[in-house]
Amino acid sequence: MTKMYQTAGSYLLLLLTFDPVLTPVLAACLTITALSYVAWTAYTRFLKPPGHPYRLIGHAVLLFWLGIVLNFVLALLPSRFHPVWSDALANVTLTLFLFLIARTLTRLIDWSSFRQNRLLYLDGFILFGMSFVFGYVLILQKLPEFARSSLELAAMTLYSLCFLAVLLSFLILYTTGLRGSMRHRQLIQAMTLFCVTNFGYYTFLVRDQLEWMVLFLPLYPVSLSLLMTYFQEVPQAATHPRVLPRPYLPYICLASLLVWISFFDVPQVVYILAITILFSLFLVRQIFSERLNQTLLHEHEGVQFDLARQVKEQTSLIEIRKEEYRRLFLDHPEPIIQVTRTANMQTMNPAAQSRFTDRLPDRLMHQLRQEVVRLESSRKLVLQDKTHTYQTTLIPVPDHDYVYVLLSDITETLEQEQWLENLSYHDVLTRLPNRRYFEEQLEQQLPKLHVGSLLFIDLDGFKQVNDQFGHDAGDYVLQETANRLKLHLREDEVAARLGGDEFIVFLLREKTETIQYTETLIHQLNQPFTFQGSQMSVTPSIGIARYPDDGTTTSQLLIQADEAMYSIKQREKNAYRFK
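The rules behind each value
- Residues numbered from 1 in each chain as written.
- Predicted model: local features only at pLDDT ≥ 70, side-chain atom pairs only at ≥ 80, totals over all residues.
- Heavy atoms only, no water.
- Helix = DSSP H or I, 4+ residues; strand = E, 2+ residues; numbered from the N terminus.
- Buried < 20%, exposed > 50% of the residue type's maximum accessible area, 1.4 Å probe, protein only.
- Contact = heavy atoms within 4.5 Å.
- Areas by Shrake-Rupley, 256 points an atom, 1.4 Å probe, with all protein chains shown as cover.
- Arc of directions from axis to C-beta.
- Pairing = 2+ DSSP bridges.
- Axes fitted to C-alpha atoms, helices over the stretch in contact; angles between N-to-C directions.
- Patch = residues over 30% accessible without salt bridge, like charges linked within 9 Å, V, L, I, M, F, W, Y side chains within 5 Å.
- Salt bridge = Lys/Arg side-chain N within 4 Å of Asp/Glu carboxyl O.
- Core = buried A, V, L, I, M, F, W, Y, C linked by side-chain atoms within 4.5 Å.
- Polar contact = N/O pair within 3.5 Å; in protein donor to acceptor, adjacent residues only side chain to side chain.
- Parallel < 35°, antiparallel > 145°, perpendicular 65-115°, else oblique.
- Left-handed = near helix turned anticlockwise from the far one by under 90°.
- Phe/Tyr/Trp six-rings, centres within 6.5 Å; stacked < 30°, edge-to-face > 60°.
- pLDDT = per-residue confidence, 0-100.

### Quick notes on the overall build of the protein chain
Phase 1 of the analysis: When its secondary structure is counted, the protein chain shows 20 helices and twelve strands.
Phase 2 of the analysis: Each of the 579 residues in the protein chain was classed as buried or not, and the buried ones make up 43%.
Phase 3 of the analysis: For the protein chain, long-range pairs separated by at least 24 residues make up 65% of all intrachain contacts whose partners lie at least 6 apart in sequence.
Phase 4 of the analysis: Carbon and sulfur atoms form 58% of the exposed surface of the protein chain, whose accessible area is close to 31,900 Å².

### Side note on helix H17 (residues 462–469)
Phase 1 of the analysis: Of all the residues in H17, the buried ones are Phe462, Val465 and Asn466. All buried residues of H17 project into a common sector of 95° when viewed along the axis, lining one side. Projecting away from the buried face of H17 at angles above 90 degrees are the exposed residues Lys463, Asp467 and Gln468.
Phase 2 of the analysis: Structurally, H17 contributes buried residues whose contacts are with strand E6 (452–460), helix H18 (471–486) and strand E10 (534–536).
Phase 3 of the analysis: Of the residues one or two after H17, Gly470 is the one with positive phi, at around 100°.

### A few points about the sheet that holds E6
Phase 1 of the analysis: On the basis of which strands lie adjacent, the open sheet formed by five strands has the order E7-E8-E6-E11-E12 and mixed pairing. Edge strands, defined here as strands with exactly one partner in the open sheet, are strand E7 (494–499) and strand E12 (575–578). Here the average twist between neighbouring strands, direction ignored, is 20°.
Phase 2 of the analysis: Pairing geometry for E7 and strand E8 (residues 502–507), over five bridges, is antiparallel. Across the sheet, Arg497 pairs through a bridge with Phe503, a residue of E8.

### Some points on unusual backbone geometry
Phase 1 of the analysis: Geometrically, the link from Tyr547 to Pro548 is a cis peptide bond, its omega value of 5° lying close to zero.
Phase 2 of the analysis: Tracing the chain through its elements places Pro548 in the loop between strand E11 (539–547) and helix H20 (554–570).
Phase 3 of the analysis: Although it is not a glycine, Arg431 adopts a positive phi angle of roughly 65°.
Phase 4 of the analysis: Within the element layout of this structure, Arg431 appears in the loop between helix H15 (411–425) and helix H16 (435–445).
Phase 5 of the analysis: The phi torsion at Asn574 lies on the positive side, around 45°, for a residue other than glycine.

### Some details on the pairing of E8
Phase 1 of the analysis: Counting buried positions over the six residues of E8 gives five, a clear majority of the element.
Phase 2 of the analysis: Pairing of E6 with E8, which is carried by six bridges, proceeds in the antiparallel orientation. Bridge assignment links Leu455 to a residue of E8, and that residue is Val505.
Phase 3 of the analysis: What sits between E7 and E8 in their antiparallel hairpin is a turn of two residues, with Gly500 showing a positive phi close to 60°.

### Side note on a nonpolar patch on the surface
Phase 1 of the analysis: Taken together, the side chains of Trp85, Leu89, Val92, Leu96 and Leu151 present a nonpolar region at the surface, about 500 Å² in accessible area.
Phase 2 of the analysis: Summarising the element assignment, Leu96 is placed in helix H4 (residues 84–108).

### Describing the nonpolar core
Soluble globular proteins tend to bury their nonpolar side chains together.
Phase 1 of the analysis: In terms of nonpolar packing, the biggest core is built from 61 residues, with Phe64, Ile101, Leu105 and Phe231 touching the most fellow members.
Phase 2 of the analysis: Those elements that place two or more of their residues in this core are helix H2 (22–47), helix H3 (55–76), H4, helix H5 (118–138), helix H7 (150–176), helix H8 (182–205) and helix H10 (219–232).
Phase 3 of the analysis: Broken down by element, this core gets its largest block of residues, twelve residues, from H7.
Phase 4 of the analysis: One finds Leu455, Val465, Leu478 and Phe531 within the second-largest nonpolar core, a separate group that totals 27 residues.

### A few points about the sheet that holds strand E4 (residues 389–396)
Phase 1 of the analysis: Overall, antiparallel pairing links the five strands, which are arranged E2-E1-E5-E4-E3 in an open sheet. Two strands in the sheet have a free side with no partner beyond their single neighbour: strand E2 (345–348) and strand E3 (379–384). On average, each strand axis in the sheet is inclined to that of its neighbour by 30°, with strand direction left out of account.
Phase 2 of the analysis: The sheet contact formed by strand E1 (residues 336–340) and strand E5 (residues 402–409) spans five bridges and is antiparallel. Bridge assignment links Gln338 to a residue of E5, and that residue is Tyr404.
Phase 3 of the analysis: Running over the sheet, helix H14 (residues 362–372) touches E1, E2, E3, E4 and E5 and is turned about 155° from E3.

### Quick notes on the side chain of Ser541
Phase 1 of the analysis: Its place among the elements puts Ser541 in strand E11.
Phase 2 of the analysis: Judged by its relative accessible area of 0%, Ser541 is buried.
Phase 3 of the analysis: Among the polar contacts made by the side chain of Ser541, one reaches the side chain of Asp460 at a distance of 2.6 Å.

### A few points about the packing of H18 against helix H19 (residues 511–525)
Between two packed helices, what matters for the description is the angle formed by their axes and the separation of those axes.
Phase 1 of the analysis: H19 packs onto H18 with a crossing angle of 150° between their chain directions and a minimal axis gap of 10 Å. Here H19 runs roughly antiparallel to H18, going by the angle between their axes. Judged by the twist between their axes, the crossing of H18 over H19 is right-handed. Counting all contacts with H18, which are made through Thr481, Arg484 and Leu485, the residues of H19 involved are Tyr517, Leu521, Gln524 and Leu525.

### Description of the packing of aromatic side chains
Phase 1 of the analysis: Scanning the entire structure with this criterion turns up 16 aromatic pairs.
Phase 2 of the analysis: Taking the centre distance of 5.0 Å and the plane angle of 85° together, the rings of Tyr201 and Tyr202 count as edge-to-face.
Phase 3 of the analysis: Given the relative accessible area of 13%, Tyr202 is considered buried.
Phase 4 of the analysis: For the ring pair Tyr576 and Phe578, a centre distance of 6.3 Å and an interplane angle of 90° mean the geometry is edge-to-face.

### Quick notes on the pattern of salt bridges
Phase 1 of the analysis: Taken as a whole and assessed by the stated rule, the structure comprises 13 salt bridges.
Phase 2 of the analysis: In this structure, the salt-bridge partner of Arg435 is Glu439, at a minimum N-O distance of 2.8 Å. Placement of the pair is Arg435 and Glu439 together in helix H16, with a separation of four residues, close to one helical turn.
Phase 3 of the analysis: On the accessibility criterion, Arg435 (41% relative accessible area) is partly exposed.

### A few points about the environment of Thr389
Phase 1 of the analysis: Here Thr389 is to be found in strand E4.
Phase 2 of the analysis: The buried category is assigned to Thr389, whose relative accessible area is 8%.

### What about the confidence of the model for the protein chain?
Phase 1 of the analysis: Mean pLDDT over the protein chain works out to 79, with 78% of the residues at or above the 70 mark.
Phase 2 of the analysis: Counting contacts from residues 237–246, a segment whose pLDDT is below 50, to residues more than four positions away or on other chains yields 30 contacts.

### Concerning the side chain of Thr95
Phase 1 of the analysis: Structurally, Thr95 is set in helix H4.
Phase 2 of the analysis: Here Thr95 is in contact with Ala155, Leu158, Tyr159 and Cys162, once residues within four sequence places are set aside.

Encoded structure:
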């Protein structure tokens, strides 16, 4: 890239020091020097590395350099060493250069997109047609007069055809896809500069205006440098079609062409053919454009119809949803309240009005105010007032400053759950805790205690009460026994019924205090039980296990106390015994 800028600077210097004798020599030296550097760069970048996908570019640049060198060498030779056929032979390398470039550009064209992008391809052909007419007016019609032999005319014609192939490939690429990328701009710049240079060079060459012709020579290495920069990194094999950003460009070129050929001497047949072909291409373009516009119009109408239908369907669906939400709000059996983010009441459904009248209790409003202020998404929570508990769902409405509050009274449910929980831990007949509750609570308390006593109590004579007075009387005895067990218990002490006529008590007392409680309990239980005018008597057998002396777990203490009770029951009864 630096070398390219140096060549451009040298070219500017060449223009500033224009001289009819010195300028051609200086231009030739600059061109040969720059092209030699470009040729070496092409060899090192494209040919030396094995397997480069664009080796053709390297071969093409070397052929161009060889052709220019041969032409300069032949121009310096005397006429006897410079036969006519030698110029034709030297131009073969330049023709091969154009052929390889045209082949490479053609490989980049995505011909499969022609059916979808006919207008873009027609634009390329139209631009090519106008360029061809310009080339004919400026160059091609002069070739028969300029050529010194049939061989030279054939060589120059073949060169022109290859150049037209390059021009056509480039214009198709330009109109169908080389847009929007910096790397594609490099190819556009390179090929545009090369085409302009080639047109300018041969325009003045066929007119024998050599002093102007040589001014175009330094532009060749610049354009080739840009071309190699583009192909150094492998471009995509096919470009993506894009709409031509200036669709009026072909029309401007056509107008310019008409003005041009109107003021230049153009053979009648060329004039007629150019106008006929170009206007035919424009007519075809207009037909395709009209068909495309009709297709787009039908598609647009179809899209509008579908959009209108979808809007109508969505509007109907929204109305249905609004009615569903309204009915849900009005007919929902649980209270629903709409409040602002500051917990100000907006509206209630009938169920809420029936329960709360016009406003929520202050305690509920205070809890709501704390929750809705920071609410970001729907959530569930439990709110309580003095007498009721509510399972509450908060639903924020997106893009609105209010929240729906759904309240479900779960007070009765909680009470039932509490009752069932109590039922699972208590004896139904005596209202005392059952064995499950006693063991769970004692197991949690034991590690925290220093001393304690577990009393295992069995009622002697209870079976005789059942047999003689009936089960109702037996149930009364059990209930009254439970009351007498609790009579002298402290706050943290517990009595429980194991089942049948067996009870347990745990005391947080020293041994002497345990003896006092036990003796008092025996005295209490020895008092008669009066039921429906009948007096009944039972006596207790009490086994006592001390914590931690007799055991450190609930099960150990129960076993020890049970053994102590059993020994009393087998001997004297109506007494107590420590393990």
